[in-house]
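Spelled out from the first residue to the last, the chains are:
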Amino acid sequence: MNGPIDKWDMHPKHFWLRGEQPEQKVQYDEEIDMWHVYGYPEVMETLSDTKTFSSAVASRFLPPEQAAVAFDGNLTQVDPPDHRKLRELVGKTFTLKMVAGLEQRIATLTHELLDEIEGDGFDLAEGLAYPLPVIVICDMLGLPREDREQLKEWTDQSLMASTQLTTKAGDGAQEESLDTQAEAAMELGFYLLEAVTDRRRRPREDLFSKLIAAEVDGERLTDRQIVNFGNLLISAGHITTTMLLGNSILCLDAFPDANEQVRKDRSLVPTMLEESLRFLSPLAAGYRVATRDVELGGVTVPEGDVLETWFSAANRDDRVFKDPYTFDPTRNPNPHLAFGRGVHFCLGAPLARLEGRIAMNILFDRYPNLRIDPRETPKFLGSPEFTGVWQLPIRVD
Ligand code: HEM
C-alpha cells in the first residue's frame, strides 16, 4: 500500500504507516498509563480546547520543581492566557519578515554544504539535512558556526536518550533517559547563558539581543526564559527540519511518478512538502493532560490523565484525507496537523517551509539522478515521537 516504504524499518508503534487504521480512535495504554489519540477530529479537539487539554505536561514526567526551572519560558508547556504574552514576546523577534530575509543565505549555505561533499554516494542527512537547519539557527541566535559540533553533541545526547514516555512511577529506564536529557539541556543552558549575558553588555543584531529588548504589556523576558527559548529553538528547530528533508527524499524515492511530476513542474515543490509532512510527519506526537473528566472519541478520559496525541496517525485518517496512503504531491487542500494547530501552532513553520523549498529545489537542480542507495538501508530515529531518518545513504551518479 505504501510502496517501498513498507520495506523500511519504521518504528513498530507507527502501525498507521503500515496501512492499518485504528478502529478505536482513543485508546488507553496500560503499559505507559496514558491515552493514545489517533483520529483527526479527536486530535483537533485536544489541540483546540486548551482549557480541557493542558499543555503543561512536563510536571507529569519530572519532579515539579525541576519542570518549573527547565521549562520556564518554554512556550510548549504554557497554557492561555499566559501563553499569549510569551508567544507575543518571542513572536516580535521571530517574524515572517525576518524569516523571508533568510532566503538568499539559506540558498548559499545549501550550495556550500553540497560543494563540500565528495563522491557520488553519500549520507544526505550528515551532509545537508542535519547541518543546514542547525547553522541557520546558530546564525539567527548569533552563535558561532564553529560551535555547531558541540551543539550537535548536546542535542544528539538528548535525542538518543529519548524513549517512549510513561507516567508510571519508578520506571528506571525513563528516569535514566530524562536525567541524560536534563544533563545535556543544562550544559547547553550554561553555554546559552554566556551568550545572553554577553548580549546584555553588547547588544548586536541577533535574535538574543532582540529577545532581551522585547517588551509586551510592560514585561520583558528573564535570562532564564531567554535561555530556555534558545534551547527550544535549537532542539525543536533543527531535527524536525532535518526530518522534513530526509522524509521528502524517502517519499519521492518510493513514489517515482510523483518524483518525475515534481521535477517537471517545480511549482509543485510547496504542495509536495506539505504532502511529505502529512505522509511522514516528523514530530509524530505531542502530549496534553486532561484538566477534567472528558468524553473523547467515545470514551471517558479521567481528570489528570495524560494523552499522547498522534499528529502522524491523524494525518492518515480516511475520514479527512482521501486515499491517505497515496503520496500525492498535488494534494490541495491538505489540512495536515504536522505543525500542530491552534495557539501552539509551530512558530518555526515558515522557516521549515522555506528551508525545505530551497533545499529541495537545489537538490533537484544539482542531482538529476538522486536516489536512495539500493545497497544500503536508511536508519530511522529510535524514539516513537519522531518519524525520520538519521542516516540517509543516497547515490547521485
Ligand atoms: C518540519 C519542521 C517542523 C515540524 C514538523 C514542527 C512541528 C511542530 C509541532 C507539531 C508543534 C506543536 C506541538 C504541540 O502543539 O504540542 C510545534 C511547535 C513549535 N515549534 Fe515546530 N516544527 C518544525 C520546525 C520548527 C522550527 C524550524 C522551529 C524554530 C526554529 C520550530 C519551533 C517551534 C516552537 C517554538 C514551537 C512552540 C510553539 C508554541 O507552543 O506556541 N519548529 N512544532
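Details of the structure are given in the entry above.
Residues numbered from 1 in each chain as written. Predicted model: local features only at pLDDT ≥ 70, side-chain atom pairs only at ≥ 80, totals over all residues.

S.K.: Which residues make up the overall build of the protein chain, and what values do they have?
M.R.: Check the secondary structure of the protein chain and you find 16 helices and twelve strands. Projected onto its principal axes, the C-alpha coordinates of the protein chain cover approximately 55 × 55 × 40 Å. For the protein chain, the proportion of its 397 residues judged to be buried stands at 42%. The contacts of the protein chain with a sequence gap of at least 6 include a subset with a gap of at least 24, amounting to 71%. (Helix = DSSP H or I, 4+ residues; strand = E, 2+ residues; numbered from the N terminus. Buried ≥ 20, exposed ≤ 12 C-beta atoms within 10 Å, placed from the backbone. Contact = placed C-beta atoms within 7 Å.)

S.K.: Residues and numbers for the site of the ligand, please.
M.R.: Taken together, the neighbourhood of the ligand is formed by 24 residues, with G237, G286, G340, C346 and G348 sitting nearest. Counting only elements with at least two residues in the shell around the ligand, the list comes to α12 (223–254) and α16 (349–366). If you tally residues by element for the shell around the ligand, the top one is α12, at seven residues. Residues of the shell around the ligand, tallied by class, amount to 15 nonpolar, eight polar and one charged. (Near = placed C-beta within 6 Å. Nonpolar A, V, L, I, M, F, W, Y, C, P; charged D, E, K, R; others polar.)

S.K.: Tell me about the nonpolar core, and please be specific about residues and values.
M.R.: In this structure, L307, W310 and F311 are the most contacted members of the largest nonpolar core, which totals 100 residues. The biggest single contributor to this core is α12, with 14 residues. When near neighbours in sequence (up to four residues on either side) are disregarded, L307 contacts M34, W35, V37, T46, F53, Y287, R288, A290 and V301. (Core = buried A, V, L, I, M, F, W, Y, C linked by C-beta atoms within 7 Å.)

S.K.: For the sheet that holds strand β12 (residues 393–395), give the residues involved together with the corresponding values.
M.R.: An order of β4-β12-β9 is seen for the three strands of this open sheet, with the pairing classed as antiparallel. Either end of the sheet is taken by a strand with one partner, and the two such strands are β4 (121–123) and β9 (371–372). Of the pairings in the sheet, the one linking β4 to β12 comprises three bridges and is antiparallel in character. Residue pairing for β12: G121 is matched across the bridge by R395. (Pairing = 2+ DSSP bridges.)

S.K.: Account for the packing of α12 against α16, with residues named and values stated.
M.R.: Contact pair α12 / α16: the axes reach a minimum separation of 10 Å and the direction vectors enclose 40°. Between α12 and α16, the angle falls in the class oblique. As α12 runs across α16, the sense of the crossing is right-handed. Residues T240, T241, L244, L245 and S248 of α12 lie in contact with α16, whose contacting residues are A352, E355, G356, A359 and M360. The residue inventory of the contact of α12 with α16, partitioned by class, reads five nonpolar, four polar and one charged. (Axes fitted to C-alpha atoms, helices over the stretch in contact; angles between N-to-C directions. Parallel < 35°, antiparallel > 145°, perpendicular 65-115°, else oblique. Left-handed = near helix turned anticlockwise from the far one by under 90°.)

S.K.: I'd like to hear about the sheet that holds strand β2 (residues 34–37), residue by residue, with values.
M.R.: Pairing within the open sheet is mixed, and its five strands lie in the order β1-β2-β8-β5-β3. In this open sheet, the two strands that pair with only one neighbour each are β1 (26–29) and β3 (53–54). Bridge count for strand β5 (residues 285–290) against strand β8 (residues 306–310) is five bridges, and the pairing is antiparallel. Across the sheet, the residue bridging to V289 is V306, located in β8. Packed onto the sheet, helix α1 (residues 40–48) meets β1, β2, β3, β5 and β8 and runs at close to 125° relative to β8.

S.K.: Could you give an account of the packing of helix α8 (residues 131–141) against α12, naming the residues involved and the relevant values?
M.R.: In contact at an axis separation of 8 Å, α8 and α12 are set at 155° when each is read in the N-to-C sense. Judged by the inter-axis angle, α8 sits roughly antiparallel to α12. In this structure, α8 meets α12 at a crossing whose hand is right-handed. When α8 is examined against α12, the residues P133, V134, I137 and L141 are found in contact with a partner set consisting of G230, L233, I234, G237, H238, T241 and T242.

S.K.: Which residues make up α8, and what are the values?
M.R.: In terms of residue burial, α8 counts as a mostly covered element, since ten of its eleven residues are buried. Of all the residues in α8, the buried ones are P131, L132, P133, V134, I135, V136, I137, C138, M140 and L141. Taken from the residues just after α8, G142 is the one with a positive phi, measuring 80°.

S.K.: So what's going on with the pairing of β1? Residues and values would help.
M.R.: By the bridge criterion, four bridges tie β1 to β2 in an arrangement that is antiparallel. Each residue of the ladder has a partner; that of V26, found in β2, is V37. In textbook terms, the turn of a hairpin is the stretch between consecutive antiparallel strands, and for β1 and β2 this stretch comprises four residues, one of which, D33, has a positive phi near 50°.

S.K.: Describe unusual backbone geometry, listing the residues and the values that go with them.
M.R.: In this structure, P81 follows P80 across a cis peptide bond, with omega equal to 5°. Position of P81 relative to the elements: it lies in the loop between α3 (64–70) and α4 (82–91). Here the bond from N332 into P333 is cis, since omega is 5°, no more than 30 degrees from zero. Secondary-structure assignment places P333 in the loop between α15 (311–314) and α16. Its identity is not glycine, yet D33 carries a phi of approximately 50°, on the positive side.

S.K.: Provide a residue-level description of the environment of T166, including the pertinent values.
M.R.: In this fold, T166 is placed in the loop between α9 (148–161) and α10 (172–201). Take T166: there are 18 C-beta atoms within 10 Å of it, and that puts it in the partly exposed class. In this structure, the C-alpha to C-alpha distance between T166 and D29, residues 137 residues apart in sequence, is 9.8 Å.

S.K.: Lay out the environment of K51 in plain terms, naming residues and giving numbers.
M.R.: Here K51 shows up in the loop between α1 and β3. Overall, the presence of 9 C-beta atoms within 10 Å leaves K51 in the exposed class.

S.K.: Explain helix α13 (residues 256–264) to me, and be specific about the residues and the numbers.
M.R.: Helical geometry note: an α-helix holds 3.6 residues per turn, so side chains three or four residues apart project in the same direction. Within the span of α13, buried status applies to A258, N259 and V262. Across the axial projection of α13, the buried residues extend over an arc of 105°, all falling on one side. Exposed and facing more than 90 degrees away from the buried side of α13 are P256, D257, E260 and K264. (Arc of directions from axis to C-beta.)

Remember that the coordinates give geometry; whether it matters functionally is a separate question.
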